[in-house]
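# Summary of structural features
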Amino acid sequence: MELKLNATGKIKTIEIAGKFDIESTEEFESIFAKLIEPNPSIVSIDMSRLDYIDSSGIGSLIKSLNSLKNKKGKLILVGMKPMIMNVFKLAKLDMFFEIMNEMDFRAKYISDDDTDSEIDDLLKRN
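Small disclaimer: the values here were computed from a predicted structure and weren't measured.

The rules we used
- Residues numbered from 1 in each chain as written.
- Predicted model: local features only at pLDDT ≥ 70, side-chain atom pairs only at ≥ 80, totals over all residues.
- Heavy atoms only, no water.
- Salt bridge = Lys/Arg side-chain N within 4 Å of Asp/Glu carboxyl O.
- Helix = DSSP H or I, 4+ residues; strand = E, 2+ residues; numbered from the N terminus.
- Buried < 20%, exposed > 50% of the residue type's maximum accessible area, 1.4 Å probe, protein only.
- Contact = heavy atoms within 4.5 Å.
- Expected span 1.5 Å × (residues − 1).
- Core = buried A, V, L, I, M, F, W, Y, C linked by side-chain atoms within 4.5 Å.

Moving on: the pattern of salt bridges. Following the criterion strictly, the structure yields five salt bridges and no others. In this structure, Glu 98 and Lys 74 form a salt bridge, with 3.4 Å as the shortest nitrogen-oxygen distance. On the criterion of sequence distance, the pair formed by Glu 98 in strand 5 (residues 98-100) and Lys 74 in strand 4 (residues 74-78) is long-range, its members being 24 residues apart. Taking the relative accessible area as the measure of exposure, Glu 98 reaches 24% and is therefore partly exposed.

In structure tokens form, the structure reads like this:
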């Protein structure tokens, strides 16, 4: 799994690429915990380059959703491939997560003048 962090305005984004499985949950959860320390209101997880997710990856996303909800924040899953979306629908997880395609997400949450890149420091500290 490859993780990349971005910030656009007040929205923090984690891009996940490759496989999200038992071997990568600890790294993801550590980075997510650091990302939400300053209480961001919205965190998006860009899943457009995610090829595979197993139950431990889904468990990490559920844990992250609950952590952010406890801080009155919002977690949005963005750009899921159809195969991964089917997993979420079969498990009825689409009822718990806000899931959007990238175009709708950008239209609703991102304005053209939002840019910020201080978030990459989190990866360097990890």
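When you line up the elements, Glu 29 lands in helix 1 (residues 25-35). The class of Glu 29 is partly exposed, set by a relative accessible area of 25%. A sequence separation of 35 residues divides Glu 29 from Ser 64, and the C-alpha atoms of the two residues are 7.3 Å apart. Glu 29 has contacts with Ser 60 and Lys 63, leaving out every residue within four places of it along the chain.

The next subject is helix 2 (residues 55-70). In an α-helix there are 3.6 residues to a turn, and that puts residues three or four apart on one side. Helix length check: helix 2, at 16 residues, gives a terminal C-alpha distance of 22 Å against a target of 22 Å (1.5 Å per residue), a fit within 8%. Among all positions in helix 2, only Ser 56, Gly 57, Ile 58, Ser 60, Leu 61, Ser 64, Leu 65 and Leu 68 are buried. Just downstream of helix 2 lies Lys 72, where phi reads positive at about 65 degrees.

In this section: unusual backbone geometry. The backbone of Lys 72 shows a phi angle near 65 degrees, a positive value even though the residue is not glycine. Mapping Lys 72 onto the fold places it in the loop between helix 2 and strand 4. In this structure, Lys 92 is a non-glycine residue whose phi angle is positive, near 60 degrees. Take Lys 92: it is sitting in the loop between helix 3 (82-90) and strand 5.

With that settled, consider the environment of Val 78. When you line up the elements, Val 78 lands in strand 4. Judged by its relative accessible area of 4%, Val 78 is buried. The spacing of Val 78 and Arg 106 is 28 residues in sequence and 9.7 Å in space, taken between C-alpha atoms.

Okay, the side chain of Ser 56 next. One can find Ser 56 in helix 2. Not counting the four nearest positions on each side in its chain, Ser 56 is found in contact with Asp 21, Ile 22 and Thr 25.

Here we take up the nonpolar core. Grouped together as the largest cluster of nonpolar side chains are 26 residues, with contacts concentrated most on Phe 28, Met 47, Ile 53, Leu 61 and Phe 88. Secondary structure elements with two or more residues in this core: strand 1 (2-8), strand 2 (11-20), helix 1, strand 3 (42-53), helix 2, strand 4 and helix 3. If one sorts the elements of this core by residue count, strand 3 sits on top with five residues. Counting eight residues, the second largest nonpolar core, distinct from the first, contains Ile 42, Ile 76, Met 100 and Phe 105.

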